[in-house]
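Topology and contacts: notes
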Amino acid sequence: MTAVHHPGTPVIEGDHLISTSPATDDEAGRVPVATGVDIERAVAHARAAGLWWAGLGFDGRRERLLRWRRLLAQRMETLAELVHAEGGKPVADALVEVVSAVEHVDWAANNARRVLGARRVRSRLILAEFSAHLEYQPYGVVGVIGPWNYPVFTPVGSAAYALAAGNAVVLKPSEYTPVAGQWLVDSFAEVVPEQPVFTTVHGLGDVGAALCRSGVDKVAFTGSTATAKKVMAACAESLTPVLLEAGGKDAMIVDVDADLDAAAEAAVWGAMTNAGQTCIGIERVYAVEPVFDAFLDKVVARAGRLSVGPDGADVGPITMPSQLDVIRRHIDDALSRGGRAALGGRDAVRPPYAHPTVLVNVPEDSVAVREETFGPTLTVNRVRDADEALARANALPYGLGGSVFGRRRAVAIARRLRSGMASINSALTFAGMSTLPFGGVGESGFGRIHGEDGLREFGRAKAVTRRRGRTLLPSTTFDRTPADVARLVKAVKMLYGR
Ligand code: NDP
């Protein structure tokens, strides 16, 4: 019996993976599937290349990474067209994605030395005869495993920082977007032709699992929470450190003094850009009673104007055909439990598209509120006040990003959101801010990409002390006398005991 083929589902033909468009099923390109031996070889070559790359130092790497940035910026239209052809993402969304990736390459390249480079740190009085030195040395080879929803932004968010820190990178792109991953690696090889510093291994989930066990020195994973747990389990076998960027169910809180037009605009954008297939997408809104009705009207009016279709529309196809069943199930569950569709509803899922859907007053225990939908849907629930909004927003095991609209209490509310990131009076903006760390809490994972924390994620802290004079209060030697120890005790009591 042959399985039914859904447009966009990757096909394995011989030893190649064929990537197709979810809108048209046209081939977007093909890549070789890696065998176990290929993965071992890729990691071994990357290890040697990584030594060469690390040896270039921060300045040598910066210069090459900026060359790559230049090339990405020059060819952004080509890359965006490819992302569109392979994943169905509207070209405008793909361009915005590439812009953000270019920004991250620039920042990582320009800041790696300052954040990771060797520097003196202060000595403390108790060890005043020693100087202290700190630097962050590369791990060696970093395995990057990426999802399909942002096939440029997510791998670059890890790879650019890992490369700037002096590591080689082996990327395993999602089977749904291997061609975009290959394009990134090929473009890097154009500016760094000397050694395979940044390479790919392609295939299904088993290739990702094999990469985790291949002896790489760190794994940076972006994908679903379920797979993140498998990655961590595989990495535990060899104590390989992991960085996990997993799923989310981000909430927006609309407070009583919010600009409702701006809030509605951001809610619709945050929920429906990339057809809602965004880890930090707004999937739930909690609006306080006095503004609820006016806010909802504005959301429905805006979402109702969005066009859905293959080319040039606001909302493109759902990239992974199986996700359509999840979206349908969430809408059905919300409605069968007493929620109301203010827009869209049960017939919103028309493969390969899901049409904008706004669900109102959905019970908090519905899967539409509790689980990641990954479609152009939004639940909008009424709450008494911002405290109730926070309690509901924070009630899920996920905690990736979030958004707050309001004035007087907005900062306090954003700080109390149980999440790694939040944007005030906008949605998703923290993702493009290369100076800020990106990552979640709880089931959304741990570790950070982007910003200074994102650079440090890809370097091992190396701490060195160096004697610069005679020890006045000898204690860490068998040559110490009882009088030395007594003097030390007296000194510490004077310093810290008062
Ligand atoms: P998956 O978890 O299904 O896949 C992610 C990657 O892991 C893919 O390359 C996949 O390969 C690979 N993989 C699958 N099984 C294994 C395994 N056992 N061991 C190692 N690797 C494996 O996620 P999706 O691709 O469906 O991406 C969507 C998810 O990603 C959403 O939950 C979204 O929230 C999350 N995400 C999180 C982000 C963040 O920064 N926190 C950003 C973007 C997305 P293959 O595709 O070949 O199966």
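Since this is a predicted model, take the numbers as computed values, not measurements.

Not every one of the 31 residues close to the ligand is listed here, only the nearest: E175, S224, T227, C279 and E372. Within the side chain of S174, an N or O atom sits 3.1 Å from an oxygen atom of the ligand. At 3.3 Å from a nitrogen atom of the ligand is found a main-chain nitrogen or oxygen belonging to A209. Within the complex, 89% of the 900 Å² of free accessible area of the ligand lies under protein.

Read across the open sheet, the 6 strands follow the order β8-β7-β6-β9-β10-β20; overall the sheet is mixed. Where the open sheet ends on each side, the last strands, each with one partner, are β8 (198–200) and β20 (445–446). Seen against the sheet, helix α1 (residues 36–55) touches β6 (141–145) and β7 (168–172) and runs at an angle of roughly 150° to β7. Where helix α6 (residues 178–191) meets the sheet, it contacts β7 and β8, and its direction lies at approximately 150° from that of β8.

This brings us to the layout of surface pockets. If you add up the space inside the largest pocket, you get close to 950 Å³. In terms of lining, the largest pocket is formed by 44 residues, of which the most central are W148, F221, G223, S224 and T227. Counting residues per element, the ones that place at least two in the lining of the largest pocket are α5 (153–164), α7 (205–212), β9 (218–222), α8 (225–236) and α11 (323–336). If one sorts the elements of the lining of the largest pocket by residue count, α8 sits on top with 7 residues. Tallied by class, the residues present in the lining of the largest pocket amount to 22 nonpolar, 14 polar and 8 charged. Estimates place the volume of the second largest pocket at around 360 Å³. In terms of lining residues, the second largest pocket is bounded by 17 residues, among which V96, Y150, W269, L428 and A431 are the most central. Broken down by secondary-structure element, the contributors of at least two residues to the lining of the second largest pocket are α4 (91–116) and α5. In terms of residue count, the dominant contributor to the lining of the second largest pocket is α4 (4 residues).

What follows concerns the UniProt feature "active site" (unreviewed entry) in the chain. UniProt records the feature "active site" (unreviewed entry) for E245 and C279 in the present numbering. Separation in sequence by 35 residues is not matched in space for these annotated residues, since their most distant C-alpha atoms are only 9.0 Å apart. When only the residues just named are considered, the largest pocket is lined by E245 and C279. Relative to the helices and strands, E245 resides in strand β10 (residues 242–245). Mapped onto the secondary structure, C279 falls in the loop between α9 (260–272) and β12 (282–288). Residue C279 is classed as buried on the basis of its relative accessible area of 17%. Contacts of C279, omitting those with residues within four sequence positions, involve N149, A246, G248, D250, E372, F374, L400 and F438.

Each value, and the rule that gives it
Residues numbered from 1 in each chain as written. Predicted model: local features only at pLDDT ≥ 70, side-chain atom pairs only at ≥ 80, totals over all residues. Heavy atoms only, no water. Near = heavy atom within 4 Å. Polar contact = N/O pair within 3.5 Å; in protein donor to acceptor, adjacent residues only side chain to side chain. Areas by Shrake-Rupley, 256 points an atom, 1.4 Å probe, with all protein chains shown as cover. Pairing = 2+ DSSP bridges. Helix = DSSP H or I, 4+ residues; strand = E, 2+ residues; numbered from the N terminus. Contact = heavy atoms within 4.5 Å. Axes fitted to C-alpha atoms, helices over the stretch in contact; angles between N-to-C directions. 1 Å grid on protein atoms, 1.4 Å probe; cavity = no way out; pocket = protein on both sides within 12 Å on 5 of 7 lines; lining within 4 Å. Points joined across faces, edges and corners; volume = space filled by probe spheres on them. Nonpolar A, V, L, I, M, F, W, Y, C, P; charged D, E, K, R; others polar. UniProt positions renumbered as here; feature names shortened; annotations may be inferred. Buried < 20%, exposed > 50% of the residue type's maximum accessible area, 1.4 Å probe, protein only.

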